[in-house]
Amino acid sequence: MDSLKPSYFESGNIHKVWLKLGEDGFSNPIKVPVLIAKGVEEGQVFGLTAAIHGNELNGIPIIYNLMDSLDVSKLKGTVVAIPGLNPLAIANTQREYVDQQDLNRLFPGKAEGNRSQQMAHQIGKKIIPLFDYHIDLHTASFGRVNSLYGRGDMQDDTLANMLRILQPDIIVSNKGKASFGEATAQTLRAFAISKGVHSITMEYGNPQVFQQEMIKRGTEGILRVLTWLKFTDGEVEVLEAKNICSKSYWVFTQNGGYLKVLVDLNQMLAKGDTIAILTDSFGKIIEEYKAPEAGIVVGKSTNPISVSGSRIIHLGILAKRP
């Protein structure tokens, strides 16, 4: 298919289609799989996207499990889910698109741009405008691990409640601007928000694996969100959020060597706590790294090989409570 509209599909069924987003070097279509659960009652559209980074896979079985759990005969509105938004990267076991660009830093893309810009443009044109609500499913990338954490604007009541209902270990409150890397455009989430979509990001663990605990928590959390948004029947309690961070950032090495990170995910740190040591090629400690301020470990490096400027930990700074 070249376009998607919920009105194209029969009510009371789950539909499986391929959506064309470009062409490869053999003139074959670049396609993404789309699952569409069309309820028997008209309503809004809830969107899920997974693996815009090709090595971030936990969101894929979360989508499968969610669809298996839905009773479309009682569904109000439509759920549209893409379990694999970057198919060429998934097939190549890599994070970036085929031109080594980060798709999640390129929105809205360009209709006549380079390869990754055109892919971002196609996603922004054919998928995002369908949604009223949206969760973008991520994990850590190669060489690091993540807690189960969410990103969204906690000053927005709808987004804040979606995040609370998902029950992540940590919430980083921000408006969707790219936190890391040399972002020259918008993230998918920021682009969706600019189009009036209620959008958040969820980080479910580690790269290139299926983690059953993350998948279970993700599936259950999204089902609760669907109930709270009245796509499905039932009642949901909005619990107090744990560990809301007003900002987060990575701490980097200053030297090269072998890195040993000494802290755990979700660990609370005081300013000055030792977080890692760096040794030279003979095993001599050449650097000890300290927490620059109090916070919580959102993610960390698992790669011992460190050149200058390598990641150590992703540090979240807890918001002050009234």
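A separate point is the layout of surface pockets. In this structure, the second largest pocket spans a volume of roughly 180 Å³. What lines the second largest pocket is a set of 13 residues, and nearest its centre among them are G22, E23, I30, Y97 and R115. Where the lining of the second largest pocket is concerned, the elements lending two or more residues are β1 (13-23) and α3 (115-126). It is α3 that provides the largest number of residues to the lining of the second largest pocket, a total of four residues. A per-class count over the lining of the second largest pocket returns six nonpolar, four polar and three charged.

Our focus in this paragraph is the nonpolar core. F46, V79, I135, L137 and I222 are the most contacted members of the largest nonpolar core, which totals 41 residues. Among the secondary structure elements, those contributing two or more residues to this core are β2 (29-38), β3 (41-50), α1 (59-69), β4 (76-83), β5 (133-138), α4 (157-166), β9 (198-204) and α6 (212-228). Counting residues in each nonpolar core, the second largest holds 29 residues, with I30, I82, A120 and L188 among its members.

This brings us to the packing of aromatic side chains. Scanning the entire structure with this criterion turns up four aromatic pairs. Ring centres of F46 and F231 lie 5.9 Å apart, and the angle between their planes is 70°; on these two criteria the pair is classed as edge-to-face. Residue F46 is located in strand β3, and its partner F231 is located in the loop between α6 and β10 (244-252); the two are separated by 185 residues in the primary sequence. Assigned by exposure class, F46 and F231 land together as buried. Among the aromatic side chains, those forming a connected cluster through ring pairs are F46, Y133 and F231. Across from the ring centre of W18, 5.2 Å away, lies the NZ or CZ of K31, which sits over that ring. Sitting over the face of the ring of W250, R311 holds its NZ or CZ atom 4.9 Å from the ring centroid.

Reading the values: the criteria
Residues numbered from 1 in each chain as written. Predicted model: local features only at pLDDT ≥ 70, side-chain atom pairs only at ≥ 80, totals over all residues. Heavy atoms only, no water. 1 Å grid on protein atoms, 1.4 Å probe; cavity = no way out; pocket = protein on both sides within 12 Å on 5 of 7 lines; lining within 4 Å. Points joined across faces, edges and corners; volume = space filled by probe spheres on them. Helix = DSSP H or I, 4+ residues; strand = E, 2+ residues; numbered from the N terminus. Nonpolar A, V, L, I, M, F, W, Y, C, P; charged D, E, K, R; others polar. Core = buried A, V, L, I, M, F, W, Y, C linked by side-chain atoms within 4.5 Å. Buried < 20%, exposed > 50% of the residue type's maximum accessible area, 1.4 Å probe, protein only. Phe/Tyr/Trp six-rings, centres within 6.5 Å; stacked < 30°, edge-to-face > 60°. Lys NZ or Arg CZ within 6 Å of the ring centre and 35° of its normal.

These values are about where atoms sit, not about what they do.
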